[in-house]
Amino acid sequence: LDNLELYLQQRDILQFMDNIQQAGERAANIIANMLQFSRSDKQQKQRTDLNALINNTLSIARGDFGLRHIQLQFSPTETPAWVECLPGEIEQVLLNLLKNSVQALSEYQPDDSQWQPNIHLSIEQRDQHQVIVLEDNGPGIPSTIAAHIFEPFYTTKDVGEGTGLGLFVSYFIITSHHHGQLRYRPGRQHGGACFEIALPAGD
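Residues numbered from 1 in each chain as written. Predicted model: local features only at pLDDT ≥ 70, side-chain atom pairs only at ≥ 80, totals over all residues. Heavy atoms only, no water.

Caption draft 1: The overall build of the protein chain, seen in detail. A count of helical and extended segments in the protein chain gives six helices and seven strands. Going residue by residue from the N terminus, the α and β elements of the protein chain occur as α-α-β-α-β-β-α-β-β-α-α-β-β. Here the protein chain holds 203 residues, and the buried ones make up 37% of them. In the protein chain, 69% of the contacts between residues at least 6 apart in sequence involve partners at least 24 apart. By element, 50% of the accessible surface of the protein chain is carried by carbon and sulfur atoms, the whole surface being about 12300 Å². (Helix = DSSP H or I, 4+ residues; strand = E, 2+ residues; numbered from the N terminus. Buried < 20%, exposed > 50% of the residue type's maximum accessible area, 1.4 Å probe, protein only. Contact = heavy atoms within 4.5 Å. Areas by Shrake-Rupley, 256 points an atom, 1.4 Å probe, with all protein chains shown as cover.)

Now the structure itself:
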C-alpha cells in the first residue's frame, strides 16, 4: 500500500482524482440550479415597475461589484414601466449582465487616454414591450463569439473561472419564464457591448 501511494503521488494521480471530484461537484450544482430554474416558471408573477426594480438592482451591484472606478448611469422613464414578472429573476439577469460588463471594462485598456469606463441603463417602450437597454463603452464582443454567447457551457474564461451558464440561464429566464427576448448588439459607445431585455408590457 505504501508503494501504491508513492506511485500515485509521483504521477500526480491523487491531484487528478481530486480535480475530477471537484468537477463532479460543480456539475451536480449546475444541474441542481437548472432544475430549480425549470420549475420556477410556476411561481406567481407580480406587477412590477421596472424603474424601481432597476434602482434596487443597481444598489445591490454598487455594494457587491465595487463600482467606484466605473460610472453607472440609469435614465428612468417619466411614468412607471409596468410588467408582469418574477422580480428576483429579472434582478438576477441584470446582475449577471452588469457583472460581465464590469469584468470587461476592468480588463479593457483602450488607446484613448481620455476614456472613462461607464455603463448606462435605460428603458424604452417598443410596441407591446418594455425594453431594458444595458450598454457599456468597453471592448464589445467579437461577432464570432457573439453568435454563441447564449449557448449552454460556452465560455471564453479560463478553466475553473466560468461555467458558461450565466448568459444561457439569463436567456432561459427571459424567454421561457417571461415570454420575452434577450438580445445582444454592438454598442454605440466606442463599439462597446449592448444587451436588450424585452418584456411584455403590463397594464
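More follows now that the structure is in view.
Caption draft 2: Molecular detail of the side chain of His 178. Mapped onto the elements of the fold, His 178 is located in the loop between α6 (166-177) and β6 (181-186). A polar atom in the side chain of His 178 sits 3.0 Å from the backbone nitrogen of Leu 86. Excluding anything up to four places from it in sequence, His 178 contacts Lys 45, Glu 84, Cys 85, Leu 86, Glu 89, Ile 90, Ile 173, Leu 199 and Pro 200. (Polar contact = N/O pair within 3.5 Å; in protein donor to acceptor, adjacent residues only side chain to side chain.)

Caption draft 3: The arrangement of a nonpolar patch on the surface in detail. Together, Leu 1, Leu 4 and Tyr 7 line one region of the surface with nonpolar side chains, adding up to about 380 Å² of accessible area. Structurally, Leu 1 can be placed in the segment before α1 (2-10). (Patch = residues over 30% accessible without salt bridge, like charges linked within 9 Å, V, L, I, M, F, W, Y side chains within 5 Å. Salt bridge = Lys/Arg side-chain N within 4 Å of Asp/Glu carboxyl O.)

These figures come from the coordinates and say nothing about function on their own.
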